[in-house]
Amino acid sequence: MSDRVVPEPQRRRRRPTKQGVVLSAELIVATAIRLVGRHGAEALTVRRLGAALGADPSAVYRYFHSTDDLLLAVADELIGRAQHGWQPTGDWRADLRAIGLRIHASYQAHPQAAILAAHRTTGRAHEITAVETILGILRTAGFPDPEAVLIYHAFVDQSLGFAALDAAALALPDTARNADHQVWQASYARLDAVGHPNIAATAHLLTADMNRSGYPYALDLLLEAAGARLRAARG
């Protein structure tokens, strides 16, 4: 379908759609995120997009090669939303922590889209900006390039991994999500100390903590470890 995509300067509609709006790539992406949020992955079709936009479904192909091309644009948009409004402080740990938490929050705000998009590599503008920013923070902090790349890799995979995991939990039907939350209280908290001494000893902590995301603590551990390696490198 690649030959159907119209170059950007030529593809803007001059007439509004049935909804009274002029199509754009940005509008299509925002509509896709909304549809997936309401109806799940099955909503990401040109037919449903066309209906939501009030346009012929084929109009989507003036902007995107395929539904996978659109999915990559959705993934890049979530990355962009995570970066919106962020300003560096000059403290590398604080800056990376803020970026990581923003990534996580962006995906939690759109869990259904996150399930589809968190594992994708887009090579697009927002992702490129994020890669450049994170590497710049690490290199400016004094990490040698090989170490900066390794930490970047671990940082991004950790952020996106937790984002996808937590998004999947949020995307569950309410009954399933509530049932999962109750397991710690209904099952683990009732295990006896004879057969399960370690669980029994920590049950009150497990029931309080396991229904929260482990990402903030894991992020802090990663940044502390990175800081220790930087101090060691400086001698």
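Treat the numbers as computed from the prediction; the structure is a model and nothing was measured. (Residues numbered from 1 in each chain as written. Predicted model: local features only at pLDDT ≥ 70, side-chain atom pairs only at ≥ 80, totals over all residues. Heavy atoms only, no water.)

Peer 1: Help me get a handle on the packing of aromatic side chains, residues and values and all.
Peer 2: Throughout the structure, instances matching the rule amount to three aromatic pairs. Taking 5.5 Å as the distance between ring centres and 50° as the angle between the ring planes, the aromatic pair formed by Phe162 and Tyr215 counts as tilted. Of this pair, Phe162 sits in helix H8 (residues 145-170) while Tyr215 sits in helix H11 (residues 215-234), and the two are 53 residues apart along the sequence. Here Phe162 falls in the partly exposed class, since its relative accessible area comes to 22%. When the centroid spacing of 4.3 Å and the interplanar angle of 25° are considered together, the rings of Trp184 and Tyr188 count as stacked. We classify Tyr188 as partly exposed; its relative accessible area is 30%. (Phe/Tyr/Trp six-rings, centres within 6.5 Å; stacked < 30°, edge-to-face > 60°. Helix = DSSP H or I, 4+ residues; strand = E, 2+ residues; numbered from the N terminus. Buried < 20%, exposed > 50% of the residue type's maximum accessible area, 1.4 Å probe, protein only.)

Peer 1: Which residues make up helix H5 (residues 92-109), and what are the values?
Peer 2: For H5, which comprises 18 residues, the first-to-last C-alpha distance of 26 Å matches the rise-based estimate of 26 Å (1.5 Å per residue) to within 8%. Contact partners of the buried residues in H5: helix H4 (67-83), helix H6 (111-117), helix H7 (125-141), H8 and H11. Capping the start of H5 is the job of one residue whose side-chain oxygen sits 3.1 Å from the backbone nitrogen of Arg93: Asp91. (Expected span 1.5 Å × (residues − 1). Contact = heavy atoms within 4.5 Å. Polar contact = N/O pair within 3.5 Å; in protein donor to acceptor, adjacent residues only side chain to side chain.)

Structural measurements only, silent on function.
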